[in-house]
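The chain contents come next:
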Amino acid sequence: MDLYYNILSPPSRAILLLGEALHLKFNLISLDVHRKDYVNAAFKKINLQHTVPTLVVDGVAICEPGAILIYLAEQYAPAGSTYYPPDPLRRAIVNQRLLFECGTLYKCIFVYYSPVVLERAVPVETDRQKLDEAVAVLDGILHHSAFVAGDCLTVADYSLVCTVSMLVLLKFELAPYAAVRRWYERCKEVIAGYTELTQRAVRMFQKWMEQENGSNPRKA
């Protein structure tokens, strides 16, 4: 399986961590943002959306991270695994959490922080309010369960914990969200390889920011 990824991408890290848990070996192809690998013609032929992560299995490209996580869990998780539970109702909850991550939380983080990180623009207060509301929703979910889709670790936790790690990296204040903080620490303990991979991403982010600042005179 070819996995096109970038370690700075939280969804990419979620795939890598689930792959480690399932003892999978990907053919890793890292895409460099500075070389604009995301938009080159060769990659667009594989994925018209030119997004990461992209998993290619037997010539078929799977492009959305939630779809990749579900495929890997269904295809490779051992019998009795909780990663993607067999019960349709429990699966619906996992699916909802995955959709919340990509359609609400990740989107709110991207909208609020992208101008700040990339352009050093003034944050937009309404965007911050939407982000606070999204984190509050996650906190509410976690008031009643150990993990985001119940009391067992699922693919939704892999997806959401990597996204929340981006909030931590960007110095978002999690203190008001006690349930999110407890869950985040719990995931760090039970997800194999989480700390090492996240530390690699932090170092890469710092290096990327140095390159961005050095190459853009507006940021000098």
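About the criteria used
Residues numbered from 1 in each chain as written. Predicted model: local features only at pLDDT ≥ 70, side-chain atom pairs only at ≥ 80, totals over all residues. Heavy atoms only, no water. Helix = DSSP H or I, 4+ residues; strand = E, 2+ residues; numbered from the N terminus. Buried < 20%, exposed > 50% of the residue type's maximum accessible area, 1.4 Å probe, protein only. Contact = heavy atoms within 4.5 Å. Areas by Shrake-Rupley, 256 points an atom, 1.4 Å probe, with all protein chains shown as cover. Lys, Arg positive; Asp, Glu negative; His and termini not counted. Charge placed at Lys NZ, Arg CZ, Asp CG, Glu CD. Salt bridge = Lys/Arg side-chain N within 4 Å of Asp/Glu carboxyl O. Axes fitted to C-alpha atoms, helices over the stretch in contact; angles between N-to-C directions. Parallel < 35°, antiparallel > 145°, perpendicular 65-115°, else oblique. Nonpolar A, V, L, I, M, F, W, Y, C, P; charged D, E, K, R; others polar. Pairing = 2+ DSSP bridges. Polar contact = N/O pair within 3.5 Å; in protein donor to acceptor, adjacent residues only side chain to side chain. Left-handed = near helix turned anticlockwise from the far one by under 90°.

Asker: So what about the overall build of the chain? Which residues, and what values?
Answerer: When helices and strands are counted, the chain shows 8 helices and 4 strands. Going residue by residue from the N terminus, the α and β elements of the chain occur as β-α-β-α-β-β-α-α-α-α-α-α. Principal-axis analysis of the C-alpha atoms gives the chain an extent of 55 × 45 × 30 Å. The buried share among the 220 residues of the chain stands at 46%. By sequence separation, contacts in the chain at least 24 residues apart represent 66% of the contacts at least 6 residues apart. On the chain, roughly 11500 Å² of surface is accessible, and the fraction owed to carbon and sulfur atoms is 56%. The positive charge centre, built from 23 side chains, and the negative charge centre, built from 23, are 4 Å apart in the chain.

Asker: Would you mind going over the pattern of salt bridges in detail, with residue names and values included?
Answerer: Applying the stated criterion across every chain yields a total of 3 salt bridges. The shortest N-O distance in the salt bridge between R128 and D132 comes to 2.9 Å. Linking R128 with D132, this pair stays in helix α5 (residues 125-142), spanning 4 residues, or about one helical turn. Note that K188 is salt-bridged to E185, the shortest N-O span being 3.3 Å. Placement of both K188 and E185 in helix α7 (residues 178-190) is noted, with a separation of 3 residues, approximately one turn of the helix. A residue is classified by how much of its surface remains accessible, and E185, at 39% relative accessible area, is partly exposed.

Asker: So what's going on with the packing of helix α1 (residues 10-21) against helix α3 (residues 65-76)? Which residues, and what values?
Answerer: The N-to-C vectors of α1 and α3 enclose an angle of 5 degrees; their axes lie 10 Å apart at closest approach. Classed by the angle they form, the pair α1 and α3 counts as roughly parallel. Taking contact as the criterion, the partners of P11, A14, I15 and L18 in α1 are, on α3, P65, I68, L69, L72 and A73. Here the residues of the contact of α1 with α3 sort into 9 nonpolar, no polar and no charged.

Asker: So what's going on with the sheet that holds strand β1 (residues 2-5)? Which residues, and what values?
Answerer: A sheet is described by the order of its strands in space; here 4 strands give the open sequence β2-β1-β3-β4, paired in mixed fashion. Edge positions in the open sheet fall to β2 (27-30) and β4 (60-62), since each of these has one partner strand only. Neighbour-to-neighbour, the strand axes of the sheet open up by a mean angle of 20 degrees, direction not taken into account. As defined by bridge partners, strand β3 (residues 54-57) adjoins β4 across 3 bridges and the pair is classed as antiparallel. When the bridges of β4 are listed, V56 appears paired with A61. Of the strands in this sheet, β3 and β4 touch α3, which is tilted by about 40 degrees from β3.

Asker: I'd like a rundown of the side chain of S145, residues and numbers included.
Answerer: Structurally, the position occupied by S145 is in the loop between α5 and α6 (155-169). At 2.6 Å, the side chain of S145 and the backbone oxygen of F147 are in polar contact. Setting aside residues up to four positions removed in sequence, S145 forms contacts with G150 and D151.

Asker: So, the packing of α6 against α7: which residues are in play, and what are the values?
Answerer: Between α6 and α7, whose axes approach to 10 Å, the crossing angle comes to 110 degrees. Relative to α7, the element α6 lies roughly perpendicular. Of the two possible hands of crossing, α6 and α7 adopt the one that is left-handed. Here α6 contributes D157, L160, V161, V164, S165 and V168 to the contact with α7, which in turn contributes V180, W183, Y184 and C187. When grouped by side-chain class, the residues that make up the contact of α6 with α7 number 8 nonpolar, 1 polar and 1 charged.

Asker: For the pairing of β1, give the residues involved together with the corresponding values.
Answerer: Note: β1 against β2, 4 bridges, orientation parallel. For Y4, the partnering residue across the bridge sits in β2 and is I29. Note: β1 against β3, 3 bridges, orientation antiparallel. Counterpart to Y4 in the pairing with β3 is T54.

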